[in-house]
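Overview (structure and organization)
For reference, the chains in residue letters:
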Amino acid sequence: MFDQLESMIGRYEELGELLSDPEVVSDTKRFMALSREEADLRDKVAAYNEYKKTLETISDSEEMLGESGLDDEMKEMLKEELSYAKSQKEVLEERIKILLLPKDPNDGKNIILEIRGAAGGDEAALFAGDLLNMYQKYSEAQGWNFEIMEANVTGIGGYKEVSALISGNSVYSKLKYESGAHRVQRVPVTETQGRVHTSTATVLVMPEVEEFELTIDPKDLRVDIYHASGAGGQNVNKVATAVRMVHLPTGIKVEMQEERTQQKNRDKAIKLLNTKVFDYYQQIELDKQNTERKATVGTGDRSERIRTYNFPQNRVTDHRIGLTLQKLDTILSGKMDEIIDALIVYDQTKKLEELNK
């Protein structure tokens, strides 16, 4: 492990020099790739440097304690320093182990977030809207950009289906655990008897596909151009700008009319379609490794119920890790860190257990 860390320090220093080289700076693709590599190594190198300083402190304290002529006050101070350094050494060793865990290659990517109202009709669609709002507020707090890509709105303001592009620093690494069925228990606005109903919405988190990862053959596409329409179906654009794309081999369809020009809608449509098609084929491969896939949190069956939002009790329960929080209102307002941090720690712990077997 330490040989690996020493080589990382050498590479980190080399990257620092490369990123200040005018030739590298002028090559955007190479500069971005090296910048990502440098960012990935930064925390590992910092932790290892701190670990080496801690080892020096332990060595120096033990050496001084072995000297003669020390008064009691100095001995006590050195013992406290040594005890603290040893505890820090253990903490840093665990942190370094976590930092060196095999990294998900998608962790640094942006995502396409897809939310669908599932069981429960209008109430499920309204809940899908609540989830969309929760993720939007969380994204804003993280400093990410949140952009609606595609939306199928119901008459009472919910969503049958909505897709959003969330872009920023390490979006997938934090939101990848959100895929699955989310259940809500509350009295619907349409309920006249005050009875609590149970409805569900499904969330799908897909890492955004980069151009080199998938190229769709134009022969496999059917593209329709039509007039964009507003609420109630009225025409809002005299020029045909809306775009519908269908990937014929899979039947996956996207429709885009958010932008005012056909080209912008076309660009957004192909980005969304690329991600959905790539995810479709990747899911087929993952299903072949079903047992292994379910060994870690967030990568199991997408129909699995992962979380319940209980309004009467102001309670949120994540069923995968047994976490219950009596702060549903806070979480729905976008303050999701407690849940997401717990999922990350759980996942890291399971992976460490696997490594130590």
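What you see is a predicted model, and the numbers here were worked out from it, not measured in a lab.

1. Examining the overall build of the protein chain
- The helix and strand inventory of the protein chain stands at 10 helices and 11 strands.
- Sorting the 357 residues of the protein chain into buried and exposed places 39% on the buried side.
- A separation threshold of at least 6 residues defines the contact pool for the protein chain, and within that pool the share at least 24 residues apart is 59%.
- Here the protein chain displays about 19900 Å² of accessible surface, and carbon together with sulfur accounts for 48% of that area.

2. Let's talk about the packing of helix α3 (residues 28-65) against helix α4 (residues 72-99)
- Between α3 and α4, whose axes approach to 9 Å, the crossing angle comes to 155°. The orientation of α3 relative to α4 falls into the category roughly antiparallel. Crossing hand, α3 versus α4: left-handed.
- For the contact of α3 with α4, the class distribution of residues is 13 nonpolar, 4 polar and 11 charged.

3. Some points on the sheet that holds strand β7 (residues 242-247)
- One open sheet accounts for 3 strands, arranged β6-β7-β8; its pairing is antiparallel. Two strands in the sheet have a free side with no partner beyond their single neighbour: β6 (221-226) and β8 (252-256). Each strand axis lies, on average, 15° off the axis of its neighbour in the sheet, ignoring direction.
- Summarising the sheet, β6 and β7 pair through 6 bridges and their orientation is antiparallel. By the bridge assignment for β7, Tyr 226 is matched with Ala 242.

4. A word on α4
- In a regular helix each residue adds 1.5 Å, so 28 residues correspond to 40 Å; α4 covers 40 Å between its end C-alpha atoms and thus fits that length.
- Buried within α4 we find Leu 78, Leu 82, Ala 85, Leu 92 and Ile 96.
- Structurally, α4 contributes buried residues whose contacts are with α1 (2-18) and α3.
- Measuring from the side-chain oxygen of the N-cap residue of α4 to the backbone nitrogen of Glu 73 gives 3.3 Å; that N-cap residue is Asp 71.

5. Some thoughts on the nonpolar core
- Counting 35 residues, the largest nonpolar core has Leu 113, Ile 115, Leu 131, Tyr 135 and Leu 175 as the members making the most contacts within it.
- Contributions of two or more residues to this core are made by β1 (111-117), α5 (121-142), β3 (159-167), α6 (171-175), β5 (197-207), α9 (328-332) and α10 (337-356).
- Looking at this core, the element that brings in the most residues is α5, giving 7 residues.
- The contact partners of Leu 113, leaving out residues within four places of it in the chain, are Tyr 135, Phe 146, Val 162, Ser 163, Ala 164, Ile 166, Val 203, Leu 204 and Val 205.
- Counting residues in each nonpolar core, the second largest holds 16 residues, with Leu 5, Leu 34, Ala 47 and Leu 100 among its members.

6. Notes on α3
- Under the 1.5 Å per step criterion, the end-to-end length of α3 is 55 Å for 38 residues, consistent within 8% with the ideal 56 Å.
- Remark: the principal bend of α3, roughly 30°, maps to Leu 41.
- Looking only at α3, the buried set comprises Leu 34, Glu 38, Leu 41, Lys 44, Val 45, Ala 47, Tyr 48, Tyr 51, Thr 54, Ile 58 and Ser 61.
- Those residues of α3 hidden inside the fold are in contact with α1, α2 (22-26) and α4.

7. With respect to the packing of aromatic side chains
- Scanning the entire structure with this criterion turns up 3 aromatic pairs.
- Geometrically, the ring pair formed by Tyr 48 and Tyr 51 is stacked, given 6.5 Å between the ring centres and 20° between the ring planes. Here Tyr 51 and Tyr 48 lie together in helix α3, a separation of 3 residues that amounts to about one turn.
- With a relative accessible area of 5%, Tyr 48 lands in the buried category.
- Considering the side-chain rings of Tyr 138 and Trp 144, the 5.6 Å spacing of their centres and the 80° angle between planes classify their relative orientation as edge-to-face.
- By relative accessible area, Tyr 138 is classed as buried at 1%.
- Positioned above the aromatic ring of Phe 311, the side-chain terminus of Arg 186 is 4.8 Å from the ring centre.

8. Section: a nonpolar patch on the surface
- Together, Tyr 280, Tyr 281 and Ile 284 make up a nonpolar patch on the protein surface, roughly 270 Å² of accessible area in all.
- Here Tyr 280 is to be found in helix α7 (residues 262-287).

9. Focus on the packing of α1 against α3
- Two elements in contact, α1 and α3, have axes separated by 8 Å at closest approach and are oriented at 135°. For the element pair α1 / α3, the angle class is oblique. At the point where α1 passes α3, the crossing takes the left-handed sense. Of α3, the residues touching α1 (which contributes Phe 2, Leu 5, Glu 6, Met 8, Ile 9, Arg 11, Tyr 12, Leu 15 and Leu 18) are Arg 30, Leu 34, Glu 37, Glu 38, Leu 41, Arg 42, Lys 44, Val 45, Tyr 48, Asn 49, Tyr 51 and Lys 52.
- Grouping the constituent residues of the contact of α1 with α3 by class yields 12 nonpolar, 1 polar and 8 charged.

What counts, and where the lines are drawn
Residues numbered from 1 in each chain as written. Predicted model: local features only at pLDDT ≥ 70, side-chain atom pairs only at ≥ 80, totals over all residues. Heavy atoms only, no water. Helix = DSSP H or I, 4+ residues; strand = E, 2+ residues; numbered from the N terminus. Buried < 20%, exposed > 50% of the residue type's maximum accessible area, 1.4 Å probe, protein only. Contact = heavy atoms within 4.5 Å. Areas by Shrake-Rupley, 256 points an atom, 1.4 Å probe, with all protein chains shown as cover. Axes fitted to C-alpha atoms, helices over the stretch in contact; angles between N-to-C directions. Parallel < 35°, antiparallel > 145°, perpendicular 65-115°, else oblique. Left-handed = near helix turned anticlockwise from the far one by under 90°. Nonpolar A, V, L, I, M, F, W, Y, C, P; charged D, E, K, R; others polar. Pairing = 2+ DSSP bridges. Expected span 1.5 Å × (residues − 1). Polar contact = N/O pair within 3.5 Å; in protein donor to acceptor, adjacent residues only side chain to side chain. Core = buried A, V, L, I, M, F, W, Y, C linked by side-chain atoms within 4.5 Å. Bend = angle between axes of the 7 residues up to and from the residue. Phe/Tyr/Trp six-rings, centres within 6.5 Å; stacked < 30°, edge-to-face > 60°. Lys NZ or Arg CZ within 6 Å of the ring centre and 35° of its normal. Patch = residues over 30% accessible without salt bridge, like charges linked within 9 Å, V, L, I, M, F, W, Y side chains within 5 Å. Salt bridge = Lys/Arg side-chain N within 4 Å of Asp/Glu carboxyl O.

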